[in-house]
Amino acid sequence: MLRYLPVAFLICPGRAGGGFVQSILDSHPQILMLPMELKFHIQWERACEGRNLDLEEMVDFWTTKTKITHFKKGVLYGIQAETESFSNCDFKEYQDFFTDILKRDGLSKLDVFYALHEAYAKAIGQDLKNIRMLIEFPGRTHMLDKICAEFPNSKFIEIVRDPRANFMSLKNEILRSNGNFVQRRGVFYSNLLVRIIKDLKIDYEHIVNFRFAGNKDKWFMVRNEELHLNYGITVDKLAKWLKISFNPSLNESTLGGRPWLGNSSTGKPVRGASLEVVNRWRSEILPNEKIMIEYLFRKHILRYSYNSLSKEVFTFRTLLQPIKGEFSIMKQVHKPQSFIMSYLWNFNPSFVITMRKFIRIDKLLLIPLFYIQSRIWLIRYMNKNSN
């Protein structure tokens, strides 16, 4: 039955507001959408593409190595992740439904895609006959052409945010969770400032080059700012484009039907639309950061009709000025994810916070090196785009 339904894909750069839109649509009875950013196509390519997985292997991968595990651990993320463990779906029941549906339909890519969603609907008792739209949240803009080829009747909901606000939200989230722009994974280190800029540029360029971007039948753009400033009008337009009724559930942010307090980069709860979310970046961004982002993303700022461009030129002097937080080690005060550190946190959070200071000395020493690396990358980018 689900295969005859239109499928819409919710896409956006990181921290553009995709989670907010997902939470608005989450509880609508005519929409079937997993309460997570599953990234189905990326996961399939990573573990299933070109491999002849049997039923047991397929079930094991999707239910133990992807975000489907959130049905067991809890579907809430962001502010509530540290204090609440909530799931609207019995994990074992979901696993059984998923297995039975794959036995019935097969193990092809589309079979698995629809089985993941049908199993969820059955596990939460959603009326399949009432569903009018299936929505998948792949997040970032990878594989748009591949998605279109596999789902010829697919639609796309693009969430766009002022690139300056988007950059500040990404930056603040990294500083809050990581302390600075030096990321350590095992024995490897990466520059998160460069990654933020690269990822944003990649996402914008994917959309610009996508042949269906702007097609009114297949593409609907939601401006993050309009959601917060004109919530009712914006959501009503989205509901009409999706051809669903304006259900009261659209007036509340939920995940798995549970009220959701957001995933703000400030670490503070956000209850629905908020003027503060729209204007926060203006008071946080440094003049040199604003000039840099406007230089790097000028084309996209103008394309999406954002204004307030600075008249100052991006110069070498501006380039050398540090980004806010670039030379600091911000104290990590969130609950750790690892089992051992999480266990210690439950006994004494202050002890874990103190431990973090000592185990991050290497990152502190790498800050000057990464500052230089970032400037070299920006200079090369400037030279490439000036030719």
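Nothing here was measured: the structure is a model prediction, and the numbers come from that model. (Residues numbered from 1 in each chain as written. Predicted model: local features only at pLDDT ≥ 70, side-chain atom pairs only at ≥ 80, totals over all residues. Heavy atoms only, no water.)

**Q** For the pairing of strand β4 (residues 155–160), give the residues involved together with the corresponding values.
**A** Along β4, six of the six residues are buried, which leaves the element largely enclosed by surrounding structure. Here β4 shows two buried faces, one formed by Lys-155, Ile-157 and Ile-159 and the other by Phe-156, Glu-158 and Val-160. As defined by bridge partners, strand β1 (residues 7–11) adjoins β4 across four bridges and the pair is classed as parallel. Looking at β4, one finds that Phe-9 is bridged to Phe-156. In this structure, β4 lies alongside strand β7 (residues 219–223), joined through five bridges in parallel fashion. The partner of Glu-158 across the bridge, within β7, is Met-221. (Buried < 20%, exposed > 50% of the residue type's maximum accessible area, 1.4 Å probe, protein only. Helix = DSSP H or I, 4+ residues; strand = E, 2+ residues; numbered from the N terminus. Pairing = 2+ DSSP bridges.)

**Q** An account of the packing of aromatic side chains is needed here, citing residue identities and associated values.
**A** Applying the stated criterion across every chain yields a total of 25 aromatic pairs. For the ring pair Phe-61 and Trp-62, a centre distance of 5.1 Å and an interplane angle of 80 degrees mean the geometry is edge-to-face. For the residue pair Phe-61 and Trp-62, the accessibility class agrees, reading buried in each case. Across the ring face of Trp-241, the terminal group of Lys-155 is positioned such that the distance to the ring centre comes to 5.1 Å. (Phe/Tyr/Trp six-rings, centres within 6.5 Å; stacked < 30°, edge-to-face > 60°. Lys NZ or Arg CZ within 6 Å of the ring centre and 35° of its normal.)

**Q** Tell me what's going on with the packing of helix α8 (residues 163–178) against helix α13 (residues 287–303), and back it up with residues and numbers.
**A** Following both chains from N to C, one finds α8 and α13 inclined at 125 degrees, their axes separated by 9 Å at the closest point. On the basis of their axis angle, the class for α8 and α13 is oblique. The way α8 lies across α13 gives a crossing that is right-handed. Residues Pro-163, Arg-164, Phe-167, Met-168 and Lys-171 of α8 touch α13, and the partners they reach there are Glu-289, Lys-290, Met-292, Ile-293, Glu-294, Phe-297 and Ile-301. When its residues are assigned to classes, the contact of α8 with α13 shows seven nonpolar, no polar and five charged. (Axes fitted to C-alpha atoms, helices over the stretch in contact; angles between N-to-C directions. Parallel < 35°, antiparallel > 145°, perpendicular 65-115°, else oblique. Left-handed = near helix turned anticlockwise from the far one by under 90°. Contact = heavy atoms within 4.5 Å. Nonpolar A, V, L, I, M, F, W, Y, C, P; charged D, E, K, R; others polar.)

**Q** Run through the environment of Val-313, naming residues and quoting values.
**A** Along the chain, Val-313 falls in the loop between α13 and α14 (316–320). Filtering out sequence-adjacent residues up to four positions away, Val-313 remains in contact with Ile-291 and Thr-318.

**Q** Got a sec to walk through the sheet that holds strand β3 (residues 133–139)? Specific residues and values, please.
**A** Taken in spatial order, the five strands of this open sheet run β2-β3-β1-β4-β7, and their pairing is parallel. Looking at the sheet topology across the chains shown, the edges are occupied by β2 (31–32) and β7. Its contacts with the sheet put helix α6 (residues 109–124) on β1, β2 and β3, and the angle it makes with β3 is roughly 115 degrees.

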